[in-house]
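# Descriptive structure summary
Each chain, letter by letter, is given below.
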Amino acid sequence: MVEAQRLLFIRLNQKTIRYDILQGVQEAINRGETNSFAVGKRIVLPATFTRGMRYMFNNFQDALAICKTFGYLDLFITITYNVNWYEMCDFVTSKGLTVADRPKIVCRVFNMKLDQMMIDFKKDDYFDKFNAGNPH
C-alpha cells in the first residue's frame, strides 16, 4: 500500500523529478525506434525509490568507491532470520501469538542480532585488523 502510494506520487510529479531531461523523441530516435506507437510515455523513478535502476546504480557506485578506498572484499557475510530464535519464541508464545503476527518485533530482534554481530566483529578479534568501518 505504501509503495503504491509512492509510485503514484512519482508518476504524478514527474516534472519535479526532471523527466523532461531524461526522455523525449530524440532519445527514442537514438534507440532506433521508428514506430511512433513504441515511443510512449516514460516514468522515471528517482534514486530514492528502492529497487529502482538509479537506486541500484548509486549503490553499485558506492560499493566501487569503498573497494577503491579500502581494497576488495575478503569475506561476504550474510545473516538471516531464524523463526526459532529463543528471544522471538519466548515473546510470542507468552502472548499466544505466532511470529507472523508481529513483524515489527521480528525486525527489531533481527536488527539487535545484526548490531551485536557487528559489535562482535569490530571489538573482538575474530578477524585481522580492518580499515573499512573504523572512524579515522
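Residues numbered from 1 in each chain as written. Predicted model: local features only at pLDDT ≥ 70, side-chain atom pairs only at ≥ 80, totals over all residues. Heavy atoms only, no water.

## Regarding the pattern of salt bridges
Tallied over the entire structure, the rule returns two salt bridges. Across the pair Arg51 and Glu3 runs a salt bridge whose closest N-O atoms are separated by 2.4 Å. Of this pair, Arg51 sits in the loop between helix H3 (25–31) and helix H4 (53–70) while Glu3 is found in helix H1 (residues 2–12), placing the two residues 48 residues apart along the sequence. Linking Lys113 and Glu87 is a salt bridge whose minimum nitrogen-to-oxygen distance equals 3.1 Å. Residue Lys113 is located in helix H6 (residues 103–123), and its partner Glu87 is located in helix H5 (residues 86–94); the two are separated by 26 residues in the primary sequence. For Lys113, a relative accessible area of 25% translates into the label partly exposed. (Salt bridge = Lys/Arg side-chain N within 4 Å of Asp/Glu carboxyl O. Helix = DSSP H or I, 4+ residues; strand = E, 2+ residues; numbered from the N terminus. Buried < 20%, exposed > 50% of the residue type's maximum accessible area, 1.4 Å probe, protein only.)

## Some remarks on the nonpolar core
Counting seven residues, the largest nonpolar core is built from Trp85, Met88, Val92, Val99, Ile105, Val106 and Val109. Of all the elements in the fold, those that place two or more residues in this core are H5 and H6. Ranked by residues supplied to this core, first place goes to H6 with three residues. Look past the residues within four positions of Val99 in its chain and what remains in contact with it is Tyr81, Val83, Met88, Val92 and Val106. (Core = buried A, V, L, I, M, F, W, Y, C linked by side-chain atoms within 4.5 Å. Contact = heavy atoms within 4.5 Å.)

## Looking at the confidence of the model for the protein
It should be kept in mind that the predicted coordinates are not to be read in detail where pLDDT is low. When pLDDT is averaged along the protein, the result is 79; 76% of the residues meet or exceed 70. Summarising per-element confidence for the protein, the mean pLDDT is lowest in helix H2 (residues 19–22) (56) and highest in H4 (89). (pLDDT = per-residue confidence, 0-100.)

## Quick word on the packing of aromatic side chains
For the structure on display, the rule yields one aromatic pair. Residues Tyr81 and Trp85 carry aromatic rings whose centres are separated by 5.0 Å and whose planes lie at 80 degrees to one another, so their mutual orientation is edge-to-face. We classify Tyr81 as partly exposed; its relative accessible area is 25%. Judged by its relative accessible area of 15%, Trp85 is buried. (Phe/Tyr/Trp six-rings, centres within 6.5 Å; stacked < 30°, edge-to-face > 60°.)

## Considering H4
Spanning 18 residues, H4 covers 26 Å between terminal C-alpha atoms, matching the ideal 26 Å at 1.5 Å per step. Looking at the residues trailing H4, positive phi occurs at Gly71, about 95 degrees. (Expected span 1.5 Å × (residues − 1).)

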